[in-house]
Amino acid sequence: MKKARADFGAAINVAMLDFTMGMAYALIAGLPVQMGIFCSALASLTGPLLASSRFVMLGPSNATAVMLLSTFLTLGYTQEQSITALPLLLLLVGGFMIIGAICRVATITQYISRTVIIGYITAAACLIIVNQLKTVFGLHVPRAGTFAESLYNFISGLQGTHLPALLVGGVTLGIYLLFRKFARLLPAIACTLVVVAGLAAAAKPLGLEIDMLNPVNAAAWPLSIPQFNWGELNVLVNAALALAFLSLLESSSISKNLAAQAGDRIDVNQQMLSVGAANLVCAFGSGMTVSGSLTRSALNHRSGARTPIASMFSGTLLIATLFLVGGLIQYIPRPALSALVITVGVSLINVEQIKLVLKSTKSDAAVFFTTFGGGLFLPLDTAIYLGAAASMVFFIRKAARPELKEISIAESGELVESEISHDRPEIAIVHVEGDLFFASSDVFLEQIRRLAEHPTQKALILRLRNAYHLDATVAMSIQQLIKLGRDKGCAIIVSGAHEDVERIFRQSGLMDLLGEENFFRHNPDNPNISTRDALKRAKAITGIDSADITIFAVDDKKP
């Protein structure tokens with residue numbers, strides 16, 4: 001019962017935030033406000049059934065909402081067309097995420113820099129702000145899918161500013177800031193909307209024409225059926241992939257952070273499965289794109305939630321609230337909600353994180369500007385692809401530049417790096433450490449080839465104890481090295497090979513070319529015995545009992 005009480009208390013706090021934020025996210029996406037509430041309720045009820053995290057709250061988010069907006073605007077869809085196409089889009093997103101979870105591809109997120117998310121969120125915040133400014137100023141200008149075009153349309157239409165709408169927006173911002181400063185314990189957005197709705201009702205006799213939100217009849221919650229159309233399917237696939245990828249990045253980042261704070265273990269693929277399933281449910285329940293919500297998840301954790309049941313309580317409370325006050329939404333001025341959405345957009349621009357990214361490394365700065373710049377001038381789904389591609393390029397570039405270092409013994413007895421001498425020893429031990437895959441194969445082969453080609457080199461021992469992720473490209477490089485060594489009179493021997501290395505050698509046919517007698521396996525009880533045996537083998541091959549021996553290290557961890 002203690003856990004149930006704690007979960008219910010947390011659910012009350014989250015539901016109060018979720019109701020207003022659901023409307024805000026729907027407004028960001030250019031959809032009717034009830035679709036955000038429907039999405040929050042359905043995702044909160046279904047997400048925990050398959051989730052790995054006990055704290056992550058699923059539902060609409062800023063990032064996915066603004067990508068929905070950008071997608072539909074880029075396609076030139078009206079709001080009615082967007083509502084019709086959305087179930088099919090959600091079906092695709094859910095399908096991609098479920099297939100990805102089954103194939104366990106969620107680990108791809110470790111190769112995507114956090115800088116990509118920061119750049120994307122910053123660009124998305126700019127698009128959110130400029131799109132909501134049009135409503136606050138009461139403008140009727142063409143919609144656009146990029147920040148640059150939206151800003152141009154906004155500036156071009158400023159002469160048509162509707163003063164009553166601007167007045168409502170300004171009053172809303174003032175009231176919101178007062179709540180934030182003097183009543184921090186109260187839900188500022190919800191309280192502001194209540195006060196502004198009251199003021200709007202009181203001012204109605206003055207004859208002010210203000211655009212209001214439409215009421216929501218929870219009893220008429222519609223069932224949405226995806227309409228399959230091959231032409232539209234081809235158009236939506238790219239956006240669905242981008243949304244699935246973004247949802248994965250968001251939910252995995254949030255779940256990892258909260259799991260670390262609570263001392264929990266997290267299965268990112270399982271979390272990906274739960275987000276995919278929630279998207280499928282929303283496809284049939286008039287919802288919008290589902291992702292992990294940082295704000296609601298953090299509130300759920302701070303409010304003392306103990307189990308995933310807190311999320312289900314929250315979803316139930318949302319539905320009950322919708323039945324109770326859904327009809328009262330019609331008293332909320334649209335410019336007021338847009339003004340509050342602008343404050344959400346401003347809060348997404350994290351200046352401290354941006355400064356940290358720009359000051360850290362040149363590659364981080366390049367990834368940020370690639371993602372951010374792409375988000376300003378291109379559709380957001382393209383921007384997320386650009387940022388992810390840039391992040392992976394820099395990762396591969398770093399991982400694919402191994403250096404060959406000569407290790408010698410100092411007078412103190414410690415191993416130290418020294419300059420590679422021109423006089424080669426008869427036997428060289430090359431210690432390979434880190435990722436050895438296709439991107440590093442050419443550099444690896446070139447550096448080892450220089451050793452094998454030296455006239456004094458008689459044997460080369462590749463110590464692969466800490467080499468990982470060998471693939472077909474590396475297998476072919478080692479094959480070339482073995483053949484080159486034989487032509488030059490330099491024997492190639494492998495030591496410290498773990499199971500994955502042996503598997504690659506056997507499946508690729510390298511073992512037959514190298515010979516079992518030149519392959520020494522890693523012994524966990526005595527890690528150095530395989531290298532000792534390899535040295536004995538090298539001396540036997542060369543016929544030299546007292547050969548000069550030098551140790552080299554191939555280090556692919558250079559930043």
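Scroll up to find the structure this text is about.
Residues numbered from 1 in each chain as written. Predicted model: local features only at pLDDT ≥ 70, side-chain atom pairs only at ≥ 80, totals over all residues. Heavy atoms only, no water.

**Student:** Outline the pairing of strand S6 (residues 459-468), listing residues and values.
**Tutor:** Most of S6 sits out of view: 7 of its 10 residues are buried. Summarising the sheet, strand S5 (residues 427-435) and S6 pair through 8 bridges and their orientation is parallel. Its bridge partner lying in S6, Asp 435 is registered against Tyr 468. Across 5 bridges, the pairing between S6 and strand S7 (residues 491-497) is parallel. The residue bridging Leu 460 from the neighbouring strand is Ile 492, located in S7. As a crossover connection, the stretch from S6 through helix H18 (residues 472-488) into S7 is right-handed. (Buried < 20%, exposed > 50% of the residue type's maximum accessible area, 1.4 Å probe, protein only. Helix = DSSP H or I, 4+ residues; strand = E, 2+ residues; numbered from the N terminus. Pairing = 2+ DSSP bridges. Right-handed = clockwise from strand over helix to strand, strands pointing away.)

**Student:** Tell me about the layout of surface pockets, residues and numbers included.
**Tutor:** A volume near 1,400 Å³ is recorded for the largest pocket. Top contributing element to the lining of the largest pocket by residue count: helix H1 (residues 2-28), with 6 residues. Considering only residue class, the lining of the largest pocket consists of 24 nonpolar, 14 polar and 5 charged. When its volume is computed, the second largest pocket comes out at roughly 800 Å³. As for the second largest pocket, its lining consists of 31 residues, of which Leu 27, Gln 79, Thr 135, Asp 211 and Arg 334 are closest to the centre. Elements represented by at least two residues in the lining of the second largest pocket include exactly H1, helix H2 (33-46), helix H3 (62-75), helix H4 (79-102), helix H5 (114-136) and helix H13 (334-348). Ranked by residue count, the leading element in the lining of the second largest pocket is H5, at 4 residues. Here the residues of the lining of the second largest pocket are counted per class, giving 13 nonpolar, 12 polar and 6 charged. (1 Å grid on protein atoms, 1.4 Å probe; cavity = no way out; pocket = protein on both sides within 12 Å on 5 of 7 lines; lining within 4 Å. Points joined across faces, edges and corners; volume = space filled by probe spheres on them. Nonpolar A, V, L, I, M, F, W, Y, C, P; charged D, E, K, R; others polar.)

**Student:** Describe the pairing of S7, and please don't skip the residues or the numbers.
**Tutor:** Most of S7 sits inside the fold, with 7 of its 7 residues counted as buried. By the bridge criterion, 2 bridges tie S7 to strand S8 (residues 519-521) in an arrangement that is parallel. Paired with Val 494 across the two strands is Phe 519, which belongs to S8.

**Student:** Mind laying out the pattern of salt bridges, listing which residues take part and the relevant values?
**Tutor:** Evaluation of the coordinates by the stated rule reveals 10 salt bridges. The salt bridge partner of Arg 334 is Asp 211, with a shortest N-O separation of 3.2 Å. With Arg 334 in helix H13 and Asp 211 in the loop between helix H8 (188-202) and helix H9 (230-262), this residue pair connects regions lying 123 residues apart in the sequence. Here Arg 334 falls in the partly exposed class, since its relative accessible area comes to 23%. Note that Glu 502 is salt-bridged to Arg 506, the shortest N-O span being 3.1 Å. Remark: Arg 506 and Glu 502 occur in helix H19 (residues 499-508); sequence separation between them is 4 residues, near one turn of the helix. Overlapping salt bridges bring together Glu 502, Arg 506, Glu 516 and Arg 521 as one network. (Salt bridge = Lys/Arg side-chain N within 4 Å of Asp/Glu carboxyl O.)

**Student:** Can you tell me about unusual backbone geometry, naming the residues and giving the values?
**Tutor:** Residue Arg 104 is not a glycine yet carries a positive backbone phi of 55°. Note on placement: Arg 104 falls in the loop between H4 and H5. Overall, Arg 104 belongs to the partly exposed group, its relative accessible area being 48%. In this structure, Ser 286 is a non-glycine residue whose phi angle is positive, near 60°.

**Student:** Give me empty space enclosed by the protein: which residues, what numbers.
**Tutor:** Unfilled space is identified by rolling a water-sized probe across the atoms. As enumerated under the stated definition, the model contains 3 cavities of 30 Å³ or more in all. There is about 70 Å³ of room inside the largest cavity. Lining of the largest cavity is provided by 13 residues; of these, Pro 48, Ala 51, Ser 53, Val 56 and Ser 311 occupy positions nearest its centre. For the second largest cavity, the calculated volume is near 40 Å³. Lining of the second largest cavity is provided by Ala 29, Gly 30, Leu 69, Phe 72, Leu 73, Gln 79, Ser 82 and Arg 143. Looking at the lining of the second largest cavity, the elements that each hand over two or more residues are H3 and H4.

**Student:** I'd like to hear about the nonpolar core, residue by residue, with values.
**Tutor:** Note that soluble globular proteins tend to have their nonpolar side chains buried in a common cluster. Met 23, Leu 68, Leu 86, Leu 89, Tyr 120 and Met 288 are the most contacted members of the largest nonpolar core, which totals 114 residues. By residue number, the principal contributor to this core is H9, which donates 13 residues. Not counting residues up to four positions away in its chain, the partners in contact with Leu 89 are Leu 68, Phe 72, Leu 236, Ala 239, Ala 240 and Leu 243. Residues Leu 436, Ile 492, Val 494 and Met 511 belong to the second largest nonpolar core, which totals 30 residues. (Core = buried A, V, L, I, M, F, W, Y, C linked by side-chain atoms within 4.5 Å. Contact = heavy atoms within 4.5 Å.)

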